[in-house]
Amino acid sequence: MSSISKKYGERVENFSNKAARELLSLIERKKTNLSLALDVTTKREFLEIADKVGPYICLLKTHIDILVDFDQDLIDQLKELRAKHDFLIFEDRKFADIGNTVKYQYSKGIYKIVEWADITNAHPLPGDGIVSGLKEVGLSLGRGLLLLAEMSSKGSLATGAYTEAAIEMARRHKDFVIGFIAGRKLICNDDEDFIVMSPGVGLDASKDGLGQQYKTPRSVIFENGSDIIIVGRGIYGKDKDVATEAQRYRDAGWNAYLERLTN
Ligand code: 5BU
């Protein structure tokens with residue numbers, strides 16, 4: 001049976017990677033395929049929203065380098081929220097350099113991403129070395145990597161042969177590459193499984209004026225066979241009650257998945 005008609009929990013056995021196994025079990029247990037893209041720039045807002053939205057998400061997606069008052073205490077508090085609400089952390093770092101450089105960017109510097117992010121992502125652009133470099137520091141800690149096979153923005157160059165090459169690269173590193181950023185399920189074979197996460201998801205807007213393009217949770221999960229919806233401003237945009245919006249997206253994402261299981 002293809003993973004598209006399988007339950008999240010049934011797919012755990014398809015992965016050896018710890019982060020992938022934890023994520024799929026968590027989604028099944030918590031009944032949410034919603035990831036919050038928490039793009040705010042102060043520690044206060046970041047922690048406040050994470051605490052309010054925590055109960056409704058499987059994954060908190062960060063851009064840690066946009067915080068103006070980043071410090072180690074933020075990471076300590078983020079880890080506490082991770083345990084309190086039962087979610088994993090995905091640093092959307094989009095690594096794009098040679099293996100030796102990304103290895104340091106992942107583990108050193110101010111952010112030490114590998115120490116707290118269960119999942120991160122990379123552009124396949126530089127070739128296999130980028131995965132090997134990240135894997136050197138991440139795999140033994142149980143971390144997982146997503147490759148950017150597609151992007152949600154208008155005019156993205158990640159299409160066609162590039163997307164196909166990203167799939168081939170993932171296949172060569174199945175222990176560490178757990179899936180893709182893409183707008184749709186990319187592989188429908190019964191005997192291989194990758195987790196697909198889709199950004200560019202919104203219920204109220206179709207674009208943002210800077211190239212972002214939005215699809216609905218139903219279109220992404222039910223029609224396109226993706227696994228996780230990534231939602232940012234749809235949840236914490238101006239005048240929004242974040243907990244109410246998070247529940248709305250959680251319900252939309254989960255209902256689309258249930259619809260997929262029965263069709
Ligand atoms: P939004 O507020 O829901 O538009 O935020 C989308 C988030 O997903 C934001 O953090 C982006 O950096 C991220 N993103 C994206 O929008 N499109 C992509 O193709 C990738 C990431 Br990869």
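- Looking at an unreviewed UniProt entry, one finds the protein chain named Orotidine 5'-phosphate decarboxylase, with Glomus cerebriforme as its source organism.
- The protein chain has a UniProt comment under Sequence similarities (unreviewed entry) that states "Belongs to the OMP decarboxylase family."

So, the UniProt feature "binding site: substrate" (unreviewed entry) in the protein chain
Okay, so step 1: In the numbering used here, UniProt assigns the feature "binding site: substrate" (unreviewed entry) to Asp39, Lys61, Ser152, Gln212, Gly232 and Arg233.
Okay, so step 2: Residue position: Lys61 is located in strand E2 (residues 59-62).
Okay, so step 3: With a relative accessible area of 4%, Lys61 lands in the buried category.
Okay, so step 4: Aside from chain neighbours lying at most four places away, what touches Lys61 is Ser35, Leu36, Ala37, Leu38, Phe90, Asp92 and Ile230.
Okay, so step 5: The residue Ser152 is located in the loop between strand E5 (144-148) and helix H6 (160-171) in this model.
Okay, so step 6: Setting aside chain neighbours within four positions, we find Ser152 in contact with Pro199, Gly200, Gly211, Gln212 and Gln213.
Okay, so step 7: A polar contact is formed between the side chain of Ser152 and the side chain of Gln212, at a distance of 2.6 Å.

Overview of the pairing of strand E8 (residues 228-231)
Okay, so step 1: On E8, burial covers both faces: Ile228 and Ile230 on one face and Ile229 and Val231 on the other are all buried.
Okay, so step 2: Summarising the sheet, strand E1 (residues 34-37) and E8 pair through three bridges and their orientation is parallel. Bridge pairing in E8 places Leu36 opposite Val231.
Okay, so step 3: Bridge count for strand E7 (residues 195-198) against E8 is two bridges, and the pairing is parallel. Opposite Ser198, over in E8, you have Ile229 as the bridge partner.
Okay, so step 4: In this view, the connection linking E7 to its parallel neighbour E8 by way of helix H7 (residues 217-223) has right-handed handedness.

Brief notes about the UniProt feature "active site" (unreviewed entry) in the protein chain
Okay, so step 1: When the UniProt feature table is mapped onto this chain, "active site" (unreviewed entry) is found at Asp92, Lys94 and Asp97.
Okay, so step 2: Inspection of the secondary structure puts Lys94 in strand E3 (residues 88-95).
Okay, so step 3: For Lys94, a relative accessible area of 25% corresponds to the partly exposed category.
Okay, so step 4: In this structure, Lys94 is in contact with His63, Asn121, Ala122, His123, Leu148 and Met151, ignoring residues within four places of it in sequence.
Okay, so step 5: A polar atom in the side chain of Lys94 sits 2.9 Å from the side chain of Asp92.
Okay, so step 6: Examined against the element boundaries, Asp97 turns out to sit in the loop between E3 and helix H4 (99-107).
Okay, so step 7: Residue Asp97 is classed as partly exposed on the basis of its relative accessible area of 33%.
Okay, so step 8: Apart from the residues within four sequence positions on either side, Asp97 is in contact with Val102, Gln105, Pro126 and Ile130.

Details of the packing of H4 against helix H5 (residues 129-138)
Okay, so step 1: Where H4 meets H5, the axes come as close as 7 Å, and the angle between the chain directions of the two elements is 35°. Once H4 is placed against H5, the crossing between them reads as right-handed. Where H4 approaches H5, its residues Gly99, Val102, Lys103, Tyr106 and Ser107 are matched on the opposing element by Gly129, Ile130, Gly133, Leu134, Glu136, Val137 and Gly138.
Okay, so step 2: Within the contact of H4 with H5, the residues separate by chemical class into five nonpolar, five polar and two charged.

Procedures and definitions
Each chain carries its own residue numbering, running from 1 in the direction its sequence is written. The predicted nature of this model means local features are confined to residues of pLDDT at least 70 and side-chain atom pairs, given and counted, to a pLDDT of 80 or more, with totals for whole chains, interfaces and linings taken over all residues. Side-chain descriptors were evaluated using all non-hydrogen atoms of the structure, hydrogens and water having been removed beforehand. UniProt positions are given in the numbering used here, feature names are shortened, and annotations may be inferred rather than shown by experiment. Numbering of helices and strands runs from the N terminus, with a helix taken as a DSSP run of H or I at least four residues long and a strand as a DSSP run of E at least two residues long. The buried label applies to any residue whose accessible area, calculated with a 1.4 Å probe on protein chains only, is under 20% of its type's maximum; exposed applies above 50%, and partly exposed to all values in between. Here a residue-residue contact requires only that any non-hydrogen atoms of the pair lie within 4.5 Å. As used in this structure description, the phrase polar contact means that two N or O atoms lie within 3.5 Å; if the pair is within protein, one of them must be able to donate a hydrogen and the other to accept it, and residues adjacent in sequence are counted only when both atoms belong to side chains. In this scheme, strands are said to pair when DSSP sees at least two bridges between them. Handedness of a crossover is defined as follows: with both strands directed away from the viewer, a clockwise route from the first strand across the helix to the second makes it right-handed. Every angle, taken between N-to-C directions, lies between 0 and 180 degrees, and every axis is a line fitted to C-alpha atoms, over only the stretch in contact when it is a helix. By definition, any crossing whose near helix is turned counterclockwise from its far helix by less than a right angle is left-handed, and any crossing with a clockwise turn is right-handed. Ten residue types, Ala, Val, Leu, Ile, Met, Phe, Trp, Tyr, Cys and Pro, are classed as nonpolar, four, Asp, Glu, Lys and Arg, as charged, and the remainder, Gly among them, as polar.

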